[in-house]
Amino acid sequence: MSDFTEAFPESLELTDNDSVLQIIWDDGHTSRHRLDVLRAECPCAGCRGHSPQQSLNLKPEQFAQIKLTDLAPVGRYAYNLVFSDAHSTGIYTLKFLRELANSA
Ligand SMILES: [Zn+2]
């Protein structure tokens with residue numbers, strides 16, 4: 001049912017005093033993600049664990065002042081987001097970003 005991966009970001013920019021990552025997709029969709037929510041949703045194994053018991057169960061409230069320090073494409077399918085708490089292992093796929101609900 002999903003054709004999300006067929007859309008690609010046309011632009012990614014920080015808005016709202018660098019607290020929101022706004023992505024404009026090439027099919028005209030705009031998604032807006034608060035950085036504290038993105039950080040809490042980090043898909044890496046260290047944050048998610050390999051089972052629900054291992055999950056850190058992060059909450060956006062823990063990252064109230066979080067900023068983005070780097071954002072680098074990983075091939076054509078994902079972005080590596082580096083946060084100001086020095087967390088750099090999150091690989092956010094385009095599909096994941098596209099399917100995340102707007103949080104801002
Ligand atoms: Zn993580």
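What this report covers is the structure whose coordinates are included nearby. Keep in mind the model is a prediction, meaning the values are calculated, not measured.

Scoring rules and cut-offs
- Residues numbered from 1 in each chain as written.
- Predicted model: local features only at pLDDT ≥ 70, side-chain atom pairs only at ≥ 80, totals over all residues.
- Helix = DSSP H or I, 4+ residues; strand = E, 2+ residues; numbered from the N terminus.
- Rg over C-alpha atoms; globule rule 2.2 N^0.38 Å.
- Buried ≥ 20, exposed ≤ 12 C-beta atoms within 10 Å, placed from the backbone.
- Contact = placed C-beta atoms within 7 Å.
- Pairing = 2+ DSSP bridges.
- Axes fitted to C-alpha atoms, helices over the stretch in contact; angles between N-to-C directions.
- Core = buried A, V, L, I, M, F, W, Y, C linked by C-beta atoms within 7 Å.

Some thoughts on the overall build of the protein
Consideration 1: Broken down by element type, the protein carries 3 helices and 6 strands.
Consideration 2: Start at the N end of the protein and walk to the C end: the helices and strands fall as β-β-β-α-α-β-β-β-α.
Consideration 3: Taking 104 residues into account, the globule formula puts the C-alpha radius of gyration at 13 Å, and the protein, at 13 Å, falls close to it.
Consideration 4: Projected onto the principal axes, the alpha-carbon positions of the protein cover approximately 35 × 35 × 20 Å.
Consideration 5: The buried share of the protein, reckoned over its 104 residues, is 17%.
Consideration 6: Pairs at least 24 residues apart make up 40% of the contacts formed inside the protein by residues separated by at least 6 positions.

A look at the pairing of strand E4 (residues 68-74)
Consideration 1: Taken across its 7 residues, E4 has 0 buried, putting it largely on the surface.
Consideration 2: Bridging between E4 and strand E5 (residues 78-83) involves 6 bridges; their strand directions are antiparallel. Paired with Leu-68 across the two strands is Phe-83, which belongs to E5.
Consideration 3: Hairpin connection between E4 and E5: a loop of 3 residues separates the two successive antiparallel strands, and Gly-75 in this loop has a positive phi of roughly 55°.

Considering the environment of Leu-35
Consideration 1: Inspection of the secondary structure assignment puts Leu-35 in helix H1 (residues 35-40).
Consideration 2: Given 25 C-beta atoms within 10 Å, Leu-35 falls into the buried group.
Consideration 3: In the structure, Leu-35 is positioned 47 residues away from Val-82 in sequence and 11 Å away in space, judged by C-alpha atoms.

Section: the sheet that holds strand E2 (residues 20-25)
Where strands meet in a sheet, backbone hydrogen bonds hold them as pairs that are either parallel or antiparallel.
Consideration 1: Judged by pairing direction, the sheet is antiparallel, and its 3 strands sit side by side in the order E1-E2-E3 without closing on themselves. Both edges of this open sheet fall to strand E1 (9-15) and strand E3 (30-34), since each of them pairs with a single strand only. The mean inter-strand angle of the sheet, taken between neighbouring strand axes irrespective of direction, is 20°.
Consideration 2: Relative to E2, E1 runs antiparallel, the two sharing 6 bridges. What sits directly across from Leu-14, in E2, is Leu-21.

Quick word on the sheet that holds E5
Consideration 1: Reading across from one edge, E4-E5-E6 is the order of the 3 strands in this open sheet, with antiparallel pairing throughout. Looking at which strands have only one partner, the edges of the open sheet turn out to be E4 and strand E6 (90-93). Mean inter-strand twist for the sheet, computed between neighbouring axes without regard to direction, equals 30°.

Focus on the nonpolar core
Consideration 1: In terms of nonpolar packing, the biggest core is built from 12 residues, these being Leu-21, Ile-23, Leu-35, Val-37, Leu-38, Phe-63, Ile-66, Tyr-79, Leu-81, Tyr-92, Leu-94 and Leu-97.
Consideration 2: Put simply, the parts of the chain that give this core at least two residues each are E2, H1, E5 and helix H3 (94-99).
Consideration 3: Beyond its immediate stretch of four places on either side in the chain, Tyr-79 contacts Leu-71, Ala-72, Pro-73, Val-74 and Tyr-92.

Focus on the pairing of E5
Consideration 1: The sheet contact formed by E5 and E6 spans 4 bridges and is antiparallel. Directly across from Leu-81, in E6, lies its bridge partner Gly-90.

Don't take any of this as a statement about function, it's just geometry.
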